[in-house]
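The chain contents come next:
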Amino acid sequence: MKPVLIKKESNDEKEIIETIKEYIKKETGDEIEIYKIFNHHKHNGGIGYHIDKGNHKGFQSMPWCIYSASWIEDTDYMNGSFLFKNPEMIVTREEQLNHILIFDCFTPHSVEPVKNGDRLSNVYFFGSKDKAPTKPVRVGPNEYHQHNTDVVVPLDELIKLEKEGKLPYVLPRAIPFE
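For clarity, every value in this text was computed on a predicted model and none was experimentally measured.

Draft legend 1. Region of the structure containing the environment of Lys-115. Here Lys-115 is to be found in strand S12 (residues 114–117). Here Lys-115 falls in the exposed class, since its relative accessible area comes to 63%. Distance in space between the C-alpha atoms of Lys-115 and Gly-80 is 7.8 Å, their sequence separation being 35 residues.

Draft legend 2. Molecular detail of the pattern of salt bridges. Under the counting rule described, the total for this entry stands at six salt bridges. Residue Lys-7 is joined to Glu-9 by a salt bridge in which the shortest nitrogen-to-oxygen separation is 3.3 Å. Its relative accessible area of 56% is what places Glu-9 among the exposed residues. The residue Lys-21 makes a salt bridge to Glu-18 at a minimum N-O spacing of 3.6 Å. Pair noted here: Lys-21 and Glu-18 are both in helix H1 (residues 13–28), with a separation of three residues, about one helical turn. Relative accessible area serves as the criterion here: at 38%, Glu-18 is assigned to the partly exposed category. Residues joined by salt bridges that share partners form a network here, namely Glu-18, Lys-21 and Glu-33.

Draft legend 3. Structural view of unusual backbone geometry. Even without being glycine, Asn-79 reaches a positive phi, approximately 70 degrees. Here Asn-79 shows up in strand S7 (residues 77–79). Despite not being glycine, Asn-98 has its phi angle at roughly 60 degrees, a positive value. Relative to the assigned elements, Asn-98 resides in the loop between helix H2 (93–96) and strand S10 (99–104). Since its relative accessible area comes to 32%, Asn-98 is described here as partly exposed.

Calculation criteria
- Counting from 1, residues in each chain are numbered in the order their sequence is written.
- Under the rules for a predicted model, residues below a pLDDT of 70 receive no local features and side-chain atom pairs below 80 are neither given nor counted, while totals for whole chains, interfaces and linings still include all residues.
- Processing note: side-chain calculations cover all non-hydrogen atoms of the structure and skip hydrogens and water entirely.
- Numbered from the N terminus, helices here are DSSP runs of H or I no shorter than four residues, and strands are runs of E no shorter than two.
- Burial classification: accessible surface area is computed with a 1.4 Å probe over protein chains only, and a residue below 20% of its type maximum counts as buried, one above 50% as exposed, and the rest as partly exposed.
- Salt bridges, as used here, are contacts in which a Lys or Arg side-chain nitrogen is within 4 Å of a carboxyl oxygen on Asp or Glu.

In structure tokens form, the structure reads like this:
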């Protein structure tokens, strides 16, 4: 599925999630559920090209993930565009405002560094209803998530590495999504 922008002026999270689920079902026939949400994440340093699912340096990254989506908050900042490879596509701040950006988890993408201000986004990850790995979780604004490191591993592996003192950061304590 090519990345797509869907007009959505409301920032109500439940409406955003339902809009994404309805769009995916209409376009692909897939019935999906939300499994992970990153709220109000600051991406001022940018995020290098990556995919949200698959094998990365020998570790599995969200093997259940099928679709990703992003909603940016209306804050003043410069740059911070969403960049895609295969297909080549740039989504600027202005284009993404009041829109939900939806793409499949195998689409390589990045976010360019912000020059002024703060780029705050809500990022959503969806999987099929029959392949739920865990209960859905919400990750808050100051918590670690996989894109902040060059190693992407399953949570069980991260917990093991943390217990062994091999992580240069503390894992967040995510709360269940309701």
